[in-house]
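Examination of the molecular architecture
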Amino acid sequence: MSIEKFVPNWMTEEHQMVYDSALKMFKSWEPKDEEWRKNGMIDRAAWEEAGAMGFLCASIPEEYGGGGGDFGHEAALLYAQAEANQSGFGGMVHSGIVAPYILAHGTDEQKKAWLPKMATGEYVAAIAMTEPGTGSDLQNIKTYAVKDGEDYIINGSKTFITNGQHANLILLACKTDREKGAQGVSLIVVETDQVTGFERGRNLDKIGLTSQDTSELFFSNVRVPQKSLLGTVEGMGFIQIMQELPRERLIIALSGVGAMKLAINLTLEYVKGREAFGKPIWAFQNTRFKMAECYADYLAASSMCDAAVDAMLEGKLTAPHASLIKYWVTQKQCEVIDECVQLFGGYGYMTEYPIARLYADARVQKIYGGTNEIMKELASRFM
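The name given to the chain in an unreviewed UniProt entry is Acyl-[acyl-carrier-protein] dehydrogenase MbtN, with Psychrobacter alimentarius as the source organism. According to UniProt, the comment filed for the chain under the heading Function (unreviewed entry) is "Catalyzes the dehydrogenation at the alpha-beta position of ACP-bound acyl chains. This results in the introduction of a double bond in the lipidic chain, which is further transferred to the epsilon-amino group of lysine residue in the mycobactin core by MbtK." Reading the Cofactor (unreviewed entry) entry of the UniProt record for the chain gives the comment "FAD".

Right under this line is the structure:
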């Protein structure tokens, strides 16, 4: 059997079709998965395939080359990717985070210049906020940009950047006024193929997400035109980030729900087929109770996230709600997958088994997008 959840209000027939088609594509990548994990990144051809299938920038208006859908289309894609265990694909950053920044805050010229290339996969996008000395403290980033004629000159470094090895377009958080805190932060778009002084550092070696390129980035006197500032006013970066973070945090939670579903289904299949002491592991009451507990957590997490998707579609998802959802779902994701690994026994610790990769991939969910400790701190300010 496969566990099911309540049918969400947002899931129309069209969203279901997107989910079904995307799941088929993501599962077709499975034969390449081992090679990608060894290489530390997926092939660029996979990005191009996703673009050709209409799975990049699905919620971006058609006038800018996108699919013309809504956030429900992104949610359907996230569920499909997670349930196919293709964590190496950075589409949630590219389509779910960077593209909406450009759509919401960019000029019409910027949207027409960048979004169509992102929709086809010609451009792969990354967002660069975290620095070696600053994690969640974005007000104190050190990367800076100074004006020189009609250009900005950028210096600094970033780390832990998803899509960093592939990225042609980087949405860079930097200081345009180093004398100010949050009010000195701006977002500048760097088209990496068109500049000098930009270097990619190591493709970082991680305990999970091993087929996802996650990189250090270095900017040494990188010159970009001032029209690369996202929007038209300097110092708006922190406000733009705060407005878009609820979406990012919901995206993380949605991927967690999809991973929970896959973990439970894999474990159900294993415990019903594996025998111990002359009978299936499923015959032991502890196994059945543990699986029921995992299923209950999945139902709660998926219902919470689906309600949040409804709120997102209505423009009502608040920062404290998104923070708490991200915290709670990712915590439950780690707990559920840990219980599943336990039921696999020693095999659950072997990386050739998908459950082991799910276990390793889950841990960072409680860190990126804002640590879960920060999520609780933010939410408590509204209580």
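Moving on from the coordinates now.
1. As for the overall build of the chain
Of the regular secondary structure elements, the chain holds eleven helices and nine strands. Here the C-alpha radius of gyration of the chain, 21 Å, is about what a compact globule of 383 residues would show, namely 21 Å. When its C-alpha atoms are laid out on the principal axes, the chain stretches across 80 × 45 × 40 Å. Within the chain, buried positions represent 54% of all 383 residues.

2. Focus: the packing of helix α1 (residues 13-28) against helix α4 (residues 71-83)
In the contact formed by α1 and α4, the axes pass within 8 Å of each other and the chain directions differ by 30°. Comparing the axis directions of α1 and α4 gives the class roughly parallel. Of the two possible hands of crossing, α1 and α4 adopt the one that is right-handed. Contacts between α1 and α4 involve Glu-14, His-15, Val-18, Tyr-19, Ala-22, Leu-23 and Phe-26 on the former and, on the latter, Gly-72, His-73, Ala-76, Leu-77, Tyr-79, Ala-80, Gln-81 and Glu-83. Looking at side-chain class alone, the contact of α1 with α4 contains nine nonpolar, four polar and two charged residues.

3. Description of the environment of Leu-204
With respect to the secondary-structure elements, Leu-204 resides in the loop between β6 (198-203) and β7 (214-225). In this structure Leu-204 touches Thr-159, Phe-160, Thr-214, Ser-215 and Glu-216, once residues within four positions along its chain are discounted.

4. Notes on the packing of aromatic side chains
For the structure on display, the rule yields eleven aromatic pairs. Pairing Trp-29 with Trp-36 gives two aromatic rings, centres 5.6 Å apart and planes at 80°, and the pair type is edge-to-face. We classify Trp-36 as buried; its relative accessible area is 1%. With centroids separated by 6.2 Å and ring planes inclined at 75°, the aromatic side chains of Phe-344 and Tyr-353 adopt a geometry described as edge-to-face. Through successive ring pairs, a cluster of aromatic residues spans Phe-26, Trp-29, Trp-36, Trp-47 and Phe-89. Here the guanidinium or amino end of Arg-178 rests over the ring plane of Tyr-144, the centre of that ring lying 3.7 Å away. Directly above the ring of Phe-284 sits Lys-279, whose terminal nitrogen or CZ lies 4.6 Å from the centroid.

Analysis parameters
- Residues numbered from 1 in each chain as written.
- Predicted model: local features only at pLDDT ≥ 70, side-chain atom pairs only at ≥ 80, totals over all residues.
- Heavy atoms only, no water.
- UniProt positions renumbered as here; feature names shortened; annotations may be inferred.
- Helix = DSSP H or I, 4+ residues; strand = E, 2+ residues; numbered from the N terminus.
- Rg over C-alpha atoms; globule rule 2.2 N^0.38 Å.
- Buried < 20%, exposed > 50% of the residue type's maximum accessible area, 1.4 Å probe, protein only.
- Axes fitted to C-alpha atoms, helices over the stretch in contact; angles between N-to-C directions.
- Parallel < 35°, antiparallel > 145°, perpendicular 65-115°, else oblique.
- Left-handed = near helix turned anticlockwise from the far one by under 90°.
- Contact = heavy atoms within 4.5 Å.
- Nonpolar A, V, L, I, M, F, W, Y, C, P; charged D, E, K, R; others polar.
- Phe/Tyr/Trp six-rings, centres within 6.5 Å; stacked < 30°, edge-to-face > 60°.
- Lys NZ or Arg CZ within 6 Å of the ring centre and 35° of its normal.

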